[in-house]
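The lines below spell out each chain.
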Amino acid sequence: MNLPNINKKRIISLLKDGKRLDGRKPFEYRDIEIETGISINAEGTSRVRIGKTEVIVGVKMSTQEPYTDHEDEGTMVTSMEFSQVAGERYESGPPQMDSIEIARVVDRGIRESRFIDWKKLCIKAGEKVWSIMIDIYCINDDGDVMDASAIGAVVALRLARFPKYDKENEAVLYGEFTDDPLPLTDHVPFTMTFHKIGESLLADPNRDEEDAADSRITLSVSSGKKEKMINAMQKGGIIGITIQEMEEIITQAEKVYDKVFEEVEKKTKNLIKSK
Amino acid sequence: MTSTFTKRPDKRKFDELRPIKAETGIIPNADGSALFAFGETVAIAAVYGPKPLHPAHMQDPERGIIRCNYNMLPFSVTERAKPGPNRRSKEISMVAGNALASVVDLARFPGTVIDVEILILQANASTRCAGINAAAMALAQAGVVMKEMVSSVSIGKMDDKIVTDVIKEEEDWEEGEGATDIAFSMTSRTKQITHLQLDGIIQTQRFMEAVEAARVACEKIHDYQIRALKGEKIDETKK
Amino acid sequence: MTTENTEIIEEHEEKIERKLVIPGEVIVTGDDYLPGDFTRKEGKEVVSNRFGLAEVSGRVVKIIPISGVFEPRRGNTVIGRVEDVTFNGWLIDIGGPYSSFLPLAECPRFINRNDIGEFATIGDVLSAKIWNVKKGGADLTLKSRGLGKLEGGRLIRINPHKVPRVIGKEGSMINLIKDATKTEITVGQNGYIWLKGDSEGEEKAENAINLIVEESTASGLTEKVEKFLGGNK
């Protein structure tokens, strides 16, 4: 069902009183579940559920020639697709703009936070480097797929280990794995999206709320040192965000980061431990 | 002459299925959904519809159509598969759709479409069979009117041995008479073959042995499908 | 809207034995049995054509669907969302295999032909009655008591086969929810439900309805819903 006008009006009027259709507060996230074990053939996988939204993510590794301007650094490609499994609105065909945008934003958050130590992905400078491929699939869409995708990508990277590599023949032994984790830093990126609906802001929208939203700001934040650092941002939608709203988003982003990232971090660490 | 294929790589009996996983209702948005796994081969399927078919020129005024899409996730295999449809996935989508369409009452809603989406999450051979098993469960759970169920299995001939539910290592068997892989789908009640694909080399005189092995295996698979549709969450992979 | 469903509910309360069957499953065997809804007879066997609850009452065997899309029938009251406005009416999404059409002429009040969208535009919600089902779609009318555009509140969607449980025996369940949450509720037979009250009331009513959908086959459902509505008021 596409968004009924009455639901949009209801969402707007409730938000004015700091309320939402499902009783949450404006910046409250739904329950987040994190799992792994999607595919033994991948270097790393994750499954993230935010409420009824579900994404699965896989990390695959291969080797390639480095880019000429970064001769001793590994590479990364991030793809995202709304599988047709995810909802009635998704039809078959090449990836649409919304999934391309999610992949790009997730990619930038990981890249710019310096979460990956690119130099440690070098096999032979100028000749061969590791390449990380992240594939994100949404299999049930109930809103906020952006944030779920970003969490999933980070968890899959943290659970990934290198495949075996035949130095003599310079070839990846696909399907055979080492115990070596990827060279990751403690600058863990965490992505939050704030949506503007009417005059109000909220986080983690469900499908109706996301359909009702006029515009959005996504922030990817990391905190390797003491301060929280913004690594990637993206404004979506046509309607403008006022300076006051921007200030409110930054304030709320810090709070959401402290609460939700903490929770995700705890769950991720448990998952890594139990592996 | 003694056979070169005396034991299966995973120690199964020749007519034994891998540990099965089966579950329905895994995708909240879908009208029907299911997971089916033969050991390391894991498929999920979601059904949407029957629903209006656009554009109108694709509509069949006498009956509805089934539009099946089979896709392997890039990380389901050891060497990353390029995402999106290719010649292989398009062919499998077509034969899987046909395997299912024969039991569905398509005349009930003329001009409509039932979307059947199959995703392979993890692959170790027999992916189309796992996908068809999941899709049949998803169709039933979606309340689609259908005469009977469909179950699917791969039957192999390794050297001179007929085996059930082939794995990747067996597909690559080269000694003796080599490897033959036959994918069957069979209806649960009338035992009609609704899907059949063969790659390899097999004596005409031995082909019916493979059909009989498929019939026996499909009956076992059907039993898992029934249990999952009745609410059981089956996972034999956990010891 | 409750009348059509009460029979089913009463039967359910009397606990006529029903069993979950899947397509192709033999429900009963015997010369005397007659195949009813979603069953067929092959020799002596009555076989299921659909996933659902098989029920044998007397000689007749039928399946009561528990899942699947809405199948429009003449006389059904439904709730729908306007998908498109044409020169002579509105295309309405009521779920199910076909979109439905509300002709301008089936609107009880005068509407200017040049400004059809003024009465209802894309995204608006209406309650309507199905007056004709034809190949490829259903025609709707607003010419009956209590039909028309729905203003305010919220629209939710449930599996249409759970509608009888949400309504309850002679409307008992829905009235229970209405009274406890002080919320106006209109249930479309297509599973679209309109709720209007204060925000807490609407939310509680929505949660109560979801509880019924999830536990529709559980025994003592009324008690469970009463407990849910009574708690944390």
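What counts and what doesn't
- Residues numbered from 1 in each chain as written.
- Chains lettered and ligands numbered in written order.
- Predicted model: local features only at pLDDT ≥ 70, side-chain atom pairs only at ≥ 80, totals over all residues.
- Heavy atoms only, no water.
- 1 Å grid on protein atoms, 1.4 Å probe; cavity = no way out; pocket = protein on both sides within 12 Å on 5 of 7 lines; lining within 4 Å.
- Points joined across faces, edges and corners; volume = space filled by probe spheres on them.
- Helix = DSSP H or I, 4+ residues; strand = E, 2+ residues; numbered from the N terminus.
- Nonpolar A, V, L, I, M, F, W, Y, C, P; charged D, E, K, R; others polar.
- Contact = heavy atoms within 4.5 Å.
- Buried area = accessible area lost by both parts, 1.4 Å probe.
- Salt bridge = Lys/Arg side-chain N within 4 Å of Asp/Glu carboxyl O.
- Polar contact = N/O pair within 3.5 Å; in protein donor to acceptor, adjacent residues only side chain to side chain.
- Expected span 1.5 Å × (residues − 1).
- Buried < 20%, exposed > 50% of the residue type's maximum accessible area, 1.4 Å probe, protein only.
- pLDDT = per-residue confidence, 0-100.
- Core = buried A, V, L, I, M, F, W, Y, C linked by side-chain atoms within 4.5 Å.

Caption draft 1: Quick peek at empty space enclosed by the protein. The final tally for this structure, using the stated rule, is 2 cavities of 30 Å³ or more. Its boundaries defined by the atoms lining it, the largest cavity holds a volume of some 150 Å³. Those elements that place two or more of their residues in the lining of the largest cavity are strand E3 (41-52) and strand E5 (112-122) of chain B. In this structure, the second largest cavity spans a volume of roughly 60 Å³. Secondary-structure elements contributing two or more residues to the lining of the second largest cavity are helix H3 (145-159) and helix H5 (243-274) of chain A. Partitioning the lining of the second largest cavity into residue classes produces 9 nonpolar, 1 polar and 2 charged.

Caption draft 2: Main features of the interface of chain C and chain A. Taken together, the 23 residues of chain C in the interface contact 14 residues of chain A. Contact with chain A buries surface across chain C, with Arg81, Arg154 and Leu155 of chain C losing the most and accounting together for 31% of the total. Here chain C is connected to chain A by 3 salt bridges. With its nearest N and O atoms 2.4 Å apart, the salt bridge here joins arginine 10 of chain A to glutamate 202 of chain C. Our count for the chain C to chain A interface comes out at 13 residue pairs in polar contact (both at pLDDT 80 or more). When residues of the side of chain C that touches chain A are assigned to their parent elements, the largest contribution, 4 residues, is made by helix H4 (residues 199-214) of chain C.

Caption draft 3: The arrangement of H3 of chain A in detail. For H3 of chain A, with 15 residues, the first-to-last C-alpha span of 21 Å sits near the 21 Å given by 1.5 Å per residue. The buried fraction of H3 of chain A amounts to 15 of the 15 residues, a majority that puts the element mostly inside the structure.

Caption draft 4: Region of interest: the confidence of the model for chain B. Averaged over all residues, the pLDDT of chain B is 95; the fraction at 70 or higher stands at 99%. For this predicted complex, the interface confidence reaches an ipTM of 0.94, while the overall pTM sits at 0.94.

Caption draft 5: Highlighting the nonpolar core. In terms of nonpolar packing, the biggest core is built from 63 residues, with Phe36, Val104, Val116, Ile118 and Leu139 of chain B touching the most fellow members. At 11 residues, helix H4 (residues 204-229) of chain B tops the list of elements feeding residues into this core. Those residues in contact with leucine 139 of chain B, other than ones at most four positions away along the chain, are Val47, Leu100, Val104, Ile114, Val116, Val144 and Met146 of chain B. Grouped together as the second largest cluster of nonpolar side chains are 61 residues, Met76, Val106, Phe115 and Phe194 of chain A included.

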